[in-house]
Amino acid sequence: MAARAEHGLKKVVWQKIKDTIIADCRKSEVWKILILDHFTTKLLSACCKMSDLMSEGITIVEDLFKIREPVVEMKAIYFISPTEKCVDALISDFKGKPKYKAAYVYFTDYCPDTLFNKMKLQCAKSVRVCKEINISFLPKESQVFTCDNPGAFKSIYSVHSQDKEKTLEALADQLVTLCATLEENPAIRYRESSLGNAKKLAELVHKKLVCHYEIDESQSKKSKTQAQLLIVERGFDPATPILHELTYQAMAYDLITIKNDTYKYKSKDGSEREALLNEDDELWVRLRHMHIADVSEQIPKLVKEISANKKQQDGKNITISGLSQLMKKMPSFRKQLEQKTVHLNLTEDCMNKFQSHVEKLCKAEQDLALGADADGQKVKDPMRTLLPVLLHPHSTYDKIRAVLLYIFSLNGTTEENLNKLIQHVKIENESEFIRNWKDLGVTIISSGTSFSQFRKTSRRERSLEGTYCLSRWTPVIKDVMEDAVEGKLDAREWPHECEGPSTWNGSGAVSARQKHKPSALDERRSGSRLIIFIIGGVSYSEMRCAYQVTQATKSCEVILGSSHILTPTELLDDIQALSKGPMEKFEIQDEKSTA
């Protein structure tokens, strides 16, 4: 399992698990078995490691759905989701001859009465404890969470969806458990839109939060806290998730094949290696939000620091093969040097992609997204900016991304012009990659083509902020974060579903309720908390903004979440699939392998 994160959401979740599940374990001297489903396996892997569990008296971790040998002398802890499949698997363990001495059952969320009564009827004698601990979200990073539900995108936005309401209900339940885990009862606002999904989700969260705190054992949690929850739909900023990003994390996940946060690469001796990109890698945490040009400079410096500490520096350039030799000579620094090797490889892979084709795309994309070039000159004819991209042998996905940025810049184009663009990209049979953005509330077809129409909402002035000319775009969510912290959100665009105890400005005011003793949360923050949930997926560049705004304000911790984390390619595939039936899905095959 992954090692435990020392800060943020992961620490808070691990502490809550210790205060509930682990605390009950300590009451018995008997070693126990921990049984997990797929979701809780991910949850525990994100916030603790096996040695943490061993130290708490848990000696075996098992999969609920796999065949397991009976261990009748041991007690079993079931940390599972309150679903029929999980409850049936639990019941089957105690049918006839029980597999374990007793069951301690902990549900991630509220267990429906039907399932509870079913469990009570069939294995009540074996169940010693049954609790709901209210953690049904995944802490992906110290300030980022997901609901682990990529399918929510299609359920909410597909014209064929039959479970939209059920999906919104499930997301609301998960958001309530997030608030409960953070001990927050926030004011709730949503971004007004024609689709109404943000408004609906805000209503559901408010209703469920009221119910939760009415039945919560701690009476002090009923009042509103000095926190704010903002809910917004993916269509509010369509440009950010399809732009080519040049910050390390966003660039790597866009251009390199990384699955389940695992990066695979070849070492100098030709052997296949893999590395996990998470917060246990301190170098990854230091580098992930840097521009790739800065990362390229930083890694060799850090490598030289380590080699200098061991008096191994010989004045030569540090290479990957040189690192291999250093690792053999210095076992105590093996892990640190392996991390450096990983990031040298990953940075090299990113830079190769950048130099081969991405650099040519970035200038056009930035000019289209911002409506101005690097010198601040207005782009008078966006088609002249787009045309070189279409004429160059870029991949189909890259051309689609550029065409979309062109359309967004105009706030829609004509049907005639769209058809010509689709022919240029040669996706006549897959035009849904572009047309289906309308299902997210994004204008694709409009009668007007005036470039000046494109910017619906005013953006913060950032021309004085030092940045690279190919990375001038700032995600809209960063404007939202800063406006929220400063109390400048427009009430017409961001209506209140429920208000807090006073006008919220993130100025450093602490929670309105009085605490008799400091909690684990107080170690992390000294002021307010801003929680933002994006319906339909969050991009890595938007995740970066949460850390940047938190660092800049000091007094407000920004936590960002969504149903899932997306990459540009995954988003385009999801968009294309919106109009398809369950068995229909087309994927372009000319991507990263041929780019």
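Located above this text is the structure these notes cover.
The following refers to the structure shown. (Residues numbered from 1 in each chain as written. Predicted model: local features only at pLDDT ≥ 70, side-chain atom pairs only at ≥ 80, totals over all residues. Heavy atoms only, no water.)

What about the side chain of Gln174?
Move 1: Note that Gln174 resides in helix H7 (residues 164-181).
Move 2: Judged by its relative accessible area of 11%, Gln174 falls in the buried class.
Move 3: Here Cys147 takes part through its backbone oxygen, which lies 3.0 Å from a polar atom of the side chain of Gln174.
Move 4: If near-sequence neighbours (up to four positions away) are discounted, Gln174 is found in contact with Ser136, Phe137 and Cys147. (Helix = DSSP H or I, 4+ residues; strand = E, 2+ residues; numbered from the N terminus. Buried < 20%, exposed > 50% of the residue type's maximum accessible area, 1.4 Å probe, protein only. Polar contact = N/O pair within 3.5 Å; in protein donor to acceptor, adjacent residues only side chain to side chain. Contact = heavy atoms within 4.5 Å.)

Section: the pairing of strand E11 (residues 262-266)
Move 1: Inspection of the sheet shows strand E10 (residues 258-259) paired to E11 by two bridges, in the antiparallel sense. Each residue of the ladder has a partner; that of Ile258, found in E11, is Tyr263.
Move 2: Between E10 and the antiparallel strand that follows it, E11, lie two residues; Asn260 among them carries a positive phi value of about 50 degrees.
Move 3: Note that E11 and strand E12 (residues 272-276) share five bridges and pair antiparallel. Paired with Lys266 across the strands is Glu272, a residue of E12.
Move 4: Taken together, E11 and the strand that follows it, E12, pair antiparallel across an intervening segment of five residues, in which Gly270 is found at a positive phi of about 90 degrees. (Pairing = 2+ DSSP bridges.)

Concerning the sheet that holds E10
Move 1: Ordered in space as E10-E11-E12, the three strands form an open sheet in which the pairing is antiparallel. The open sheet has two free edges, formed respectively by E10 and E12, since each of these has just one partner strand.

Side note on the sheet that holds strand E2 (residues 58-63)
Whenever strands of a sheet pair, they do so through backbone hydrogen bonds, lying parallel or antiparallel.
Move 1: Taken in spatial order, the five strands line up as E2-E1-E3-E4-E5 in an open sheet, and their pairing is parallel. Two strands bound the open sheet, and with one partner strand each, they are E2 and strand E5 (127-132). Each adjacent strand pair in this sheet contributes to an overall mean axis angle of 20 degrees, direction not counted.
Move 2: Of the pairings in the sheet, the one linking strand E4 (residues 100-107) to E5 comprises five bridges and is parallel in character. By the bridge assignment for E5, Val105 is matched with Cys130.
Move 3: Strands in contact with helix H2 (residues 38-47) are strand E1 (32-36), E2 and strand E3 (71-80); relative to E1, the strand with the most contacts, it is inclined by about 115 degrees. (Axes fitted to C-alpha atoms, helices over the stretch in contact; angles between N-to-C directions.)

Looking at the packing of aromatic side chains
Move 1: The final tally for this structure, using the stated rule, is eleven aromatic pairs.
Move 2: Ring geometry for Phe137 against Phe145: centres 6.1 Å apart, planes inclined by 80 degrees, an arrangement best described as edge-to-face. Note on accessibility: Phe137 and Phe145 belong to one class, buried.
Move 3: Look at Phe153 and Tyr157: their rings are 5.4 Å apart centre to centre, the planes differ by 55 degrees, and that puts the pair in the tilted class. Residue Phe153 and its partner Tyr157 are located together in helix H6 (residues 152-157), separated by four residues, close to a single helical turn.
Move 4: Three or more aromatic residues link up through ring pairs in this structure, and these residues are Tyr78, Phe94 and Tyr100.
Move 5: Above the face of the Tyr104 ring, Lys32 is positioned so that its terminal group lies 5.9 Å from the ring centre.
Move 6: A cation sits over an aromatic face here: Arg459 above Trp473, 5.0 Å from the ring centre. (Phe/Tyr/Trp six-rings, centres within 6.5 Å; stacked < 30°, edge-to-face > 60°. Lys NZ or Arg CZ within 6 Å of the ring centre and 35° of its normal.)

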